Amino acid sequence: MVPHGRVSTMEHSASCRDLSTMRERFDCLTEAYTCFLMGTCPSQCVACVIFCGLVSGEDRERAPSENRRVNSAELSCISMTLVEKITSNLTSGSLSPAVTLHCVEMLKVLFQDMDLMSLLMQQFQAEDQIISHLAAKTVSTWVLYQLHKSGTVSPVWQQKCVQAFYSSLPGPELDTCLWSLTEVLKRLLKGAHQEILWKLLAAFDSSLSTLCSKLLPKERDKTTQCLVDLPSSSGGRWGTTFCLLLDLLELLTACSVICGAGICLESPRMTYVHASALLMAIGCSSEYFVKKRALLLLKRAVLQKAGEDWALGEVLLTGLKHKHFDSDRSVLSQSVLTAVATDWLHSVQVESSSFFGGTRSIRGEEGQKPDCVMLRAVSLLLLKSMELHIQSAGGTAGVDSSTEVSKYLQSLWGFLRRCSVQLTENTHRCCWVSLLFGEQDDDMMEAAKALFSIFLHHRMCSGLDDFAVLEAACASGCNPHCHFLLLLQSISFDHSILLDFLISTETCFLEYFVRYLKFLQADWQGFTATCGRIRSPHFHRSLQQSLTALCAADTLKVTCKDEPDQVKFSSCAQSTGATSPVGRVGLAAGFHLVEYDSSDESDPENMEVSQDEPAASVCDKSTFSALGVKQEISGPPVPIRQKQYEASDSTGLLSRPNSTLERRAEGPCLPVLQSEQPSGPNMAPQPGQVAWETLARAVVCMSELREVVTRLQTNKLFPYNPSSLLKLLAQVENCSKQSCLLHFNK
């Protein structure tokens with residue numbers, strides 16, 4: 001007597017013989033698939049029908065020649081789709097007990113009694129890409145089911161993939177094996193199955209190392225053949241094979257993080273080991289999409305963001321650094337710097353910008369718009385490589401190292417100017433970060449952090465005074481004060497967007513912000529001078545000239561008012577009726593990533609952003625506690641986010657002429673700053689006045705940020721302990737207050 005749920009092989013064969021035509025088998029499989037979707041068992045066993053759908057049979061030979069191939073392909077497709085659906089449902093545990101038992105017995109008959117796995121592996125060589133892909137998907141699902149159930153790797157699948165990797169011949173079989181292994185690794189990474197993942201990597205370590213050594217040789221000679229040299233001999237499939245290999249390399253790089261400190265395998269380190277070959281592929285490959293894919297892989301590797309497109313970020317955050325982590329990143333950075341030193345940037349191709357429909361044609365009257373994804377990837381790859389090089393050198397670097405770093409920056413600047421007309425037209429090189437990375441907050445923060453490290457290294461090694469260092473930094477485009485002020489301008493000095501950055505885990509803004517605030521306290525004079533330069537139309541002026549204009553005694557007049565509790569700062573800024581000259585950003589005013597005033601414990605009255613006035617910028621009404629000033633500005637709305645900075649215009653800073661900065665002071669009588677220059681509809685702001693206004697708005701933004709973070713911390717709504725950050729922000733306010741008092745006392 002056959003137990004419930006079990007069906008003998010003879011009964012399966014009888015069921016298959018009853019369905020004599022291909023149409024009947026197709027209808028039977030369709031009915032079974034519908035039943036499994038509804039969570040019920042089919043009326044008849046379909047294991048033999050599935051098997052017959054994948055092999056050549058009598059019916060297939062008798063079918064008319066014009067219909068034979070189409071019907072055969074359809075039957076094969078639905079057979080594999082049904083097996084994949086059953087297996088994935090068993091892995092997820094989404095079936096009822098009765099249906100689960102039925103499916104388990106069916107798969108046992110298929111894979112043990114009928115050896116369906118060998119038949120599926122034969123389909124890996126199919127020229128029909130749909131058939132080969134469905135076969136790889138079905139096999140991958142079964143391999144995952146076995147790994148979860150028994151922790152064993154399918155020997156048939158492993159043998160087939162290992163053989164393909166050792167042969168390393170581009171073609172359908174290698175492509176399908178690469179995709180299948182990548183899919184299995186991806187699913188295991190998402191589930192954070194570290195032990196299973198380790199076992200799988202160990203099974204393929206040697207074959208994968210051989211594959212990468214053949215297709216991505218460290219050094220090219222007459223006996224080695226790089227995959228980028230194979231477009232003619234591989235029937236045009238080399239680009240597909242290369243991209244599949246890059247996908248696998250990215251998963252292997254991500255595996256090196258989750259496997260932790262105990263990793264001793266070679267395959268998870270392949271991206272770093274073969275970095276030079278990947279750089280060569282970017283420079284000599286004839287296919288643009290191959291160049292782009294390889295460049296993005298190296299960028300993610302150097303940023304430790306491998307696998308981010310597959311939503312693996314949260315999983316990878318829990319990983320530990322393996323023992324080769326620092327040395328591998330050092331190898332990658334040295335490979336990049338060596339390539340740049342040998343004019344690699346001149347071989348990097350950057351096409352015009354593209355969209356979902358393909359590459360957009362450029363009209364005659366339109367400016368050339370380069371592929372910013374490529375420009376950002378090249379820039380970040382070089383900047384992070386320079387940062388890693390500096391970190392590895394430590395305190396041993398000298399003037400020669402500073403000169404070397406400057407050459408790399410000049411090479412990058414030349415590459416960007418060659419590829420982007422927009423960057424060429426801008427004379428202030430520090431603006432390139434905002435122009436290039438304005439659409440990608442995470443990349444912009446990484447670039448700013450790397451440039452900050454480069455600047456500190458240059459300051460330490462150059463032996464120049466502070467102003468000379470800042471002048472040289474502006475010439476190289478790495479002045480940290482410029483970058484920070486341009487960031488504030490791009491968000492219209494909106495403290496709530498800075499708060500979004502602080503809370504978000506998608507950027508390194510917290511690390512960058514803390515490091516910059518420490519530097520800001522030590523170089524307040526340089527920050528003040530930069531405020532005069534960054535908003536001035538005269539970008540060619542030196543920082544010393546900006547500071548002189550800022551502190552000029554004949555520009556501002558200090559008087560005392562009868563009102564002992566007020567201080568006023570009269571401005572002659574001219575309104576043009578236009579917003580800031582920086583490029584526009586599609587964030588609606590008043591919109592934030594998180595509504596911080598929505599909590600019952602929050603104080604909505606203290607929030608500076610009013611939802612009743614969605615068009616108003618947060619900077620149009622802000623509290624300036626550090627200077628003892630309240631800024632009252634009204635006029636045309638200002639966008640919350642702005643994406644690109646143009647240095648040719650500095651008007652429109654304040655909304656109306658004669659706008660004032662006032663606040664009731666808690667102390668005794670304070671002086672009043674008034675401009676002696678008349679204000680009129682055609683008057684432009686004076687350089688010193690523009691500098692003070694920029695400085696005021698910057699400190700207002702940081703002061704408001706400190707207040708809202710303090711309130712969130714008090715209500716226990718902030719995600720981490722911000723005590724150190726609050727202390728730094730308070731110290732910045734003190735620096736501002738002392739600077740203001742010194743100016744008042746002149």
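Basis of the calculations
Residue numbers restart at each chain and count upward from 1, following the sequence in its written direction. Only residues with pLDDT of at least 70 get local features here, since the model is predicted, and only at 80 or more are side-chain atom pairs given and counted; chain-wide, interface and lining totals rely on the full set of residues. Computation of side-chain values covers all heavy atoms of the structure but excludes hydrogens and water. Starting at the N terminus, helices and strands are each numbered in turn, a helix being any DSSP run of H or I of at least four residues and a strand any DSSP run of E of at least two. When accessible area is computed with a 1.4 Å probe and restricted to protein chains, residues below 20% of their type maximum are described as buried, those above 50% as exposed, and intermediate ones as partly exposed. Residues are treated as being in contact if the distance between any of their heavy atoms lies within 4.5 Å. Comment: axis = line fitted to C-alpha atoms, over the contacting stretch for helices; angle = value between 0 and 180 degrees taken between N-to-C directions. In this scheme, roughly parallel covers angles under 35 degrees and roughly antiparallel covers those over 145, while 65 to 115 is roughly perpendicular and the rest are oblique. Put simply, a crossing is left-handed when the front helix is turned counterclockwise from the back one by less than a right angle, and right-handed when it is turned clockwise. Residue classes follow a fixed rule: Ala, Val, Leu, Ile, Met, Phe, Trp, Tyr, Cys and Pro count as nonpolar, while Asp, Glu, Lys and Arg count as charged, and any other residue, Gly among them, counts as polar. Any pair of nitrogen or oxygen atoms within 3.5 Å is treated as a polar contact; in protein, a donor-acceptor pairing is required on top of that, and neighbouring residues in sequence qualify only through side-chain atoms on both sides. Two rings from Phe, Tyr or Trp (for Trp, the six-membered ring) form a pair when their centres are within 6.5 Å of each other. A pair whose planes differ by under 30 degrees is stacked, one over 60 is edge-to-face, and the rest are tilted. Only one rule defines a salt bridge in this text: a Lys or Arg side-chain nitrogen within 4 Å of an Asp or Glu carboxyl oxygen.

## Details of the overall build of the chain
Link 1 in the chain: A count of helices and strands for the chain gives 30 helices and eight strands.
Link 2 in the chain: The proportion of buried residues among the 746 residues of the chain is 55%.
Link 3 in the chain: Long-range contacts, defined here as pairs at least 24 residues apart, represent 76% of the contacts in the chain between residues at least 6 apart.

## Observations regarding the environment of leucine 728
Link 1 in the chain: With respect to the secondary-structure elements, leucine 728 resides in helix α30 (residues 723-744).
Link 2 in the chain: Leucine 728 sits 212 residues away from tyrosine 516 along the chain, and the two C-alpha atoms are 9.9 Å apart.
Link 3 in the chain: Dropping the residues within four chain positions of it, leucine 728 is found in contact with Val514, Leu517, Lys518 and Gln521.

## Quick notes on the packing of helix α10 (residues 172-191) against helix α11 (residues 194-215)
Link 1 in the chain: One way to put it is that α10 packs onto α11 with a least axis distance of 12 Å and a crossing angle of 150°. As judged from the angle between their axes, α10 and α11 are roughly antiparallel. Considering how the two elements wind past one another, α10 and α11 form a crossing that is left-handed. In this structure, α10 contributes Leu174, Leu178, Leu181, Val184, Leu185, Leu188 and Leu189 to the contact, and α11 contributes Ile196, Leu197, Leu200, Leu201, Phe204, Leu208 and Leu211.
Link 2 in the chain: Tallied by class, residues from the contact of α10 with α11 come to 14 nonpolar, no polar and no charged.

## So, the environment of cysteine 284
Link 1 in the chain: With respect to the helices and strands, the residue cysteine 284 is situated in helix α14 (residues 275-284).
Link 2 in the chain: Residues cysteine 284 and serine 347, spaced 63 residues apart in sequence, show a C-alpha to C-alpha distance of 7.3 Å.

## Notes on the side chain of threonine 87
Link 1 in the chain: Position of threonine 87 among the secondary structure elements: in helix α5 (residues 65-92).
Link 2 in the chain: Discounting chain neighbours no more than four positions away, the residues touching threonine 87 are Leu107, Thr141, Trp142 and Tyr145.

## Points about the packing of helix α25 (residues 495-503) against helix α26 (residues 509-522)
Link 1 in the chain: At a minimum axis distance of 7 Å, the contact between α25 and α26 shows a crossing angle of 115°. For the pair α25 and α26, contact is made by Leu498, Phe501 and Leu502 and by Phe509, Leu510 and Phe513, respectively.

## Things to note about the side chain of serine 496
Link 1 in the chain: Here serine 496 lies in helix α25.
Link 2 in the chain: Here aspartate 494 takes part through its side chain, which lies 2.6 Å from a polar atom of the side chain of serine 496.

## Some points on the packing of aromatic side chains
Link 1 in the chain: In this structure the tally under the stated criterion is 17 aromatic pairs.
Link 2 in the chain: Considering the side-chain rings of phenylalanine 509 and tyrosine 512, the 6.2 Å spacing of their centres and the 50° angle between planes classify their relative orientation as tilted. Here phenylalanine 509 and its partner tyrosine 512 are both found in helix α26, three residues apart, which amounts to about one turn of the helix.
Link 3 in the chain: Here the aromatic rings of tyrosine 512 and tyrosine 516 are separated by 6.3 Å at their centres, their planes lie at 20°, and the arrangement is stacked. One end of the pair, tyrosine 512, and the other, tyrosine 516, are both in helix α26, four residues apart, so they sit about a helical turn from each other.
Link 4 in the chain: Grouping aromatic residues by their ring pairs yields a cluster made of Phe452, Phe455, Phe484, Phe501, Phe509, Tyr512, Phe513, Tyr516 and Phe519.

## Structural notes on the pattern of salt bridges
Link 1 in the chain: By the definition in use, this model includes 16 salt bridges.
Link 2 in the chain: Linking lysine 384 and glutamate 446 is a salt bridge whose minimum nitrogen-to-oxygen distance equals 3.5 Å. Of this pair, lysine 384 sits in helix α18 (residues 372-393) while glutamate 446 sits in helix α22 (residues 441-462), and the two are 62 residues apart along the sequence. In this pair, the class of lysine 384 matches that of glutamate 446, namely buried.
Link 3 in the chain: Bridged by salt links that share partners, the residues Asp247, Glu250, Arg293, Arg300 and Glu308 form one connected network.

## A few points about unusual backbone geometry
Link 1 in the chain: Not every positive phi belongs to a glycine, and serine 168 is a case in point at roughly 60°.
Link 2 in the chain: If you trace the backbone, serine 168 turns up in the loop between α9 (155-167) and α10.
Link 3 in the chain: Of note, glutamine 304 is a non-glycine position whose phi angle comes to about 60°, a positive value.
Link 4 in the chain: As for its placement among the helices and strands, glutamine 304 is situated in the loop between α15 (288-302) and α16 (313-316).

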